[in-house]
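Coordinates in review
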Amino acid sequence: MSNKIPCDVIRDLLPSYVDELTSETSNTLIMEHMKGCETCRKTLASMQGGLPFAEEAEKARREIDFLKKNKRRNRRIVFGSIAGAFLLILAVLAARVFIVGSRDYTNWIPANLTVEERNLTFTAVPTDSAMAVSGLDFREEDGVITVSGRSVLVSPLHRGNCAGVYTSSGEIREVRVGSRIVWAEGATVSPLASELYTTRHDYVGDMSANNRTAEALNLGSYLGAYTNELETKEEPYGWKLLLTEDIAEEKLAQKEQDMDAFGRVILGLVGNLDHVTFVYTADGQETERTITAAEASAFLGQDIKRCGTDVRVLDELIRKTGLSMYAFSDDISVNEEEMWIKILNQTDTKLFSIGCRFYKNGSQKSESFGQNADGSPVKIGESFWVSMSPLDFGSLEESPVLEVEISFQTSDGTRIVLPERLRVAAEQGISYELTLTGNEADGYRLE
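On a predicted model such as this, the values are computed, not experimentally measured, just so you know. (Residues numbered from 1 in each chain as written. Predicted model: local features only at pLDDT ≥ 70, side-chain atom pairs only at ≥ 80, totals over all residues. Heavy atoms only, no water.)

Helix and strand content of the protein chain: 10 helices and 24 strands. Taken across its 447 residues, the protein chain has 41% of its residues classed as buried. Intrachain contacts of the protein chain at a sequence separation of at least 6 include 63% that bridge at least 24 residues. Summed over its atoms, the accessible surface of the protein chain is roughly 23,700 Å², and 49% of this surface lies on carbon and sulfur atoms. (Helix = DSSP H or I, 4+ residues; strand = E, 2+ residues; numbered from the N terminus. Buried < 20%, exposed > 50% of the residue type's maximum accessible area, 1.4 Å probe, protein only. Contact = heavy atoms within 4.5 Å. Areas by Shrake-Rupley, 256 points an atom, 1.4 Å probe, with all protein chains shown as cover.)

So, about the sheet that holds strand E14 (residues 285-292). Pairing is mixed across the open sheet formed by four strands, whose spatial order is E11-E12-E13-E14. In the strand order of this sheet, the two ends are held by strand E11 (226-231) and E14, each with one partner. Neighbour-to-neighbour, the strand axes of this sheet turn through a mean angle of 20°, independent of strand direction. For strand E12 (residues 237-243) and strand E13 (residues 273-282), the ladder comprises six bridges, and the chain directions are parallel. (Pairing = 2+ DSSP bridges. Axes fitted to C-alpha atoms, helices over the stretch in contact; angles between N-to-C directions.)

Taken in spatial order, the five strands make up an open sheet running E4-E5-E8-E9-E10, and their pairing is mixed. Each of the sheet's edge strands pairs with one partner strand only, and the pair in question is strand E4 (137-141) and strand E10 (187-188). Note that strand E9 (residues 180-184) and E10 share two bridges and pair antiparallel. Looking across to E10, one finds that Trp 183 is bridged to Thr 188.

This brings us to the environment of Glu 367. In this structure, Glu 367 sits in strand E18 (residues 363-370). Overall, the relative accessible area of 40% leaves Glu 367 in the partly exposed class. The sequence separation of Glu 367 and Val 386 amounts to 19 residues, and the corresponding C-alpha distance is 9.5 Å. Residues in contact with Glu 367, not counting those within four places in the same chain, are Cys 356, Arg 357 and Phe 358. A polar atom in the side chain of Glu 367 sits 3.1 Å from the side chain of Arg 357. (Polar contact = N/O pair within 3.5 Å; in protein donor to acceptor, adjacent residues only side chain to side chain.)

With that out of the way, let us pick up the packing of aromatic side chains. This model, assessed by the stated rule, comprises six aromatic pairs. Between Phe 138 and Tyr 166, the ring centres sit 5.4 Å apart and the planes meet at 15°, which makes this aromatic pair stacked. With Phe 138 in strand E4 and Tyr 166 in strand E7 (residues 162-167), this pair connects stretches of sequence that are 28 residues apart. Tyr 166 sits in the buried class, given a relative accessible area of 18%. One aromatic cluster is present, built from ring pairs that chain together Tyr 222, Phe 262 and Tyr 326. Residue placement shows Arg 421 over the ring face of Tyr 359; its charged tip is 3.7 Å from the ring centre. Geometry around Tyr 326 places Arg 423 over its ring, the cationic atom sitting 4.6 Å from the centre. (Phe/Tyr/Trp six-rings, centres within 6.5 Å; stacked < 30°, edge-to-face > 60°. Lys NZ or Arg CZ within 6 Å of the ring centre and 35° of its normal.)

With that out of the way, let us pick up the confidence of the model for the protein chain. The predicted model of the protein chain has a mean per-residue pLDDT of 81, with 85% of residues at 70 or higher. Here strand E15 (residues 331-332) stands out as the least confident element of the protein chain, with mean pLDDT 54; helix H9 (residues 293-300) is the most confident, with 97. (pLDDT = per-residue confidence, 0-100.)

A few words now on a positive patch on the surface. A cluster of basic side chains, namely Arg 72, Arg 73, Arg 75 and Arg 76, defines a positive patch on the protein surface. Mapped onto the elements, Arg 76 comes out in helix H4 (residues 53-100). Judged by relative accessible area, Arg 76 falls into the exposed class, the value being 56%. (Patch = residues over 30% accessible without salt bridge, like charges linked within 9 Å, V, L, I, M, F, W, Y side chains within 5 Å. Salt bridge = Lys/Arg side-chain N within 4 Å of Asp/Glu carboxyl O. Lys, Arg positive; Asp, Glu negative; His and termini not counted. Charge placed at Lys NZ, Arg CZ, Asp CG, Glu CD.)

To continue, consider the pattern of salt bridges. Overall, the coordinates contain 15 salt bridges when judged by the stated rule. Here Glu 141 and Arg 139 are joined by a salt bridge, their closest N and O atoms 3.7 Å apart. Put simply, Arg 421 and Glu 403 hold a salt bridge, and the shortest N to O gap is 3.3 Å. Pair noted here: Arg 421 is in the loop between strand E21 (415-417) and strand E22 (422-425) and Glu 403 is in strand E20 (residues 401-410), with a separation of 18 residues, a long-range link. Classification of Glu 403 by relative accessible area gives partly exposed; the value is 26%.

Let's shift gears to unusual backbone geometry. For the peptide bond that leads from Glu 235 to Pro 236, omega is 0°, which places it in the cis range. By the element assignment, Pro 236 lies in the loop between E11 and E12. Despite not being glycine, Glu 117 shows a phi value in the positive range, around 55°. Locating Glu 117 in the fold gives a position in the loop between strand E1 (108-116) and strand E2 (119-126). Although it is not a glycine, Asp 283 adopts a positive phi angle of roughly 50°.

On to the pairing of strand E23 (residues 430-439), then. Here E23 lies mainly inside the structure; nine of its 10 residues are buried. Where E23 meets strand E24 (residues 443-446), four bridges bridge the pair, whose relative direction is antiparallel. Across the sheet, residue Asn 439 finds its bridge partner in E24, namely Gly 443. Hairpin remark: E23 followed by E24, antiparallel, with three residues in the connecting loop.

Core analysis: the largest hydrophobic core is formed by 74 residues, its most contacted members being Leu 196, Phe 262 and Leu 323. At seven residues, helix H8 (residues 249-269) tops the list of elements feeding residues into this core. For Leu 323, the contacting residues outside a window of four places in its chain are Leu 192, Leu 217, Ala 261, Phe 262, Val 265, Ile 318 and Phe 328. Within the second largest apolar cluster, 15 residues are counted, among which are Val 147, Tyr 166, Ile 172 and Val 175. (Core = buried A, V, L, I, M, F, W, Y, C linked by side-chain atoms within 4.5 Å.)

Here's what the structure looks like:
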């Protein structure tokens with residue numbers, strides 16, 4: 001092959017060869033030519049500083065081998081680093097989801113909370129069967145115990161409920177989950193009272209604070225759309241709510257009862273508010289209904305303003321007004337055309353089915369039942385789901401308020417009907433999450 005390439009051509013290529021600019025094919029041809037041409041070998045040696053051809057060739061070969069080995073090693077390092085980083089990310093995500101979790105207190109509720117002298121026994125129960133609660137932490141300050149924990153996905157490490165016991169240094173006055181008070185001065189506090197208590201404020205002129213209270217009460221769902229007018233130029237200060245929807249005669253008595261209940265709670269939560277006025281139209285006639293702080297105090301049996309300083313007094317007012325049986329939720333369900341009711345079993349009883357009878361204006365209109373598909377009981381910490389279509393009860397514009405009678409069947413076949421009916425605003429895409437507590441001896445109740 002060397003005889004086929006003239007020496008002039010090889011010598012023309014040698015400068016590029018010395019500078020390592022020639023291709024592998026050209027390098028091969030040059031090396032073959034060098035084996036049979038001493039003149040060209042000497043020329044190459046002189047260009048490379050006098051090194052013999054064989055020594056230079058061996059040096060080039062060693063350099064090429066080193067580069068190849070180094071390239072393979074670098075490739076392994078790069079791929080190994082990428083795989084290691086990917087595994088590290090997976091490990092961090094797994095730890096975040098299954099071990100560390102998040103401090104999302106809406107995903108679990110306190111259950112079996114008892115306080116005996118200085119000992120607090122606390123069990124946190126997930127509201128979702130796919131979730132678990134990892135270890136609980138207790139922080140004590142001036143007789144207030146704040147419980148914190150984390151929501152994680154169910155795994156062999158954390159399977160669901162999480163219980164803890166804490167012994168305080170002194171008398172326990174309150175137990176809190178996050179900012180919410182769940183136990184105070186000897187008794188548990190309802191979730192509604194806990195949520196409303198966080199919206200209390202001193203001045204009715206703060207409209208953003210007023211809106212937080214109104215949203216917690218879900219006024220729009222039960223009273224319909226409304227606008228606000230504040231009377232704050234001089235005392236006594238007032239808050240006027242102007243309902244925009246005409247109220248049918250058959251709904252008037254219930255709507256006025258709702259106005260009284262909501263007005264009394266608002267008066268208890270806004271420090272300097274003297275009266276709440278609802279302006280509404282019933283069968284075309286405009287009417288005003290005013291609830292004063294003095295009237296609300298007489299109804300409660302003590303100063304209505306104590307609701308803003310004592311959550312237990314607020315809880316008492318909620319029970320006396322009947323708001324304890326109102327369902328409050330803004331959660332969007334999976335099916336936006338239906339309304340869902342989720343009932344978490346926190347009784348000490350295995351339940352085999354649950355039923356909901358829906359009443360409108362005192363007449364039963366529909367019913368729905370829920371149970372496990374395989375007939376197995378729903379245990380503590382598990383939930384029933386029942387659904388209905390709001391369109392079955394009227395037009396979407398009407399937004400009917402329904403009464404729901406809750407019943408359930410125990411393991412021995414006994415069907416128990418709760419004595420009080422739940423009130424819900426029937427809206428598409430809404431889910432209400434409730435908790436069934438109690439036992440056969442003391443009775444069952446919804447929270």
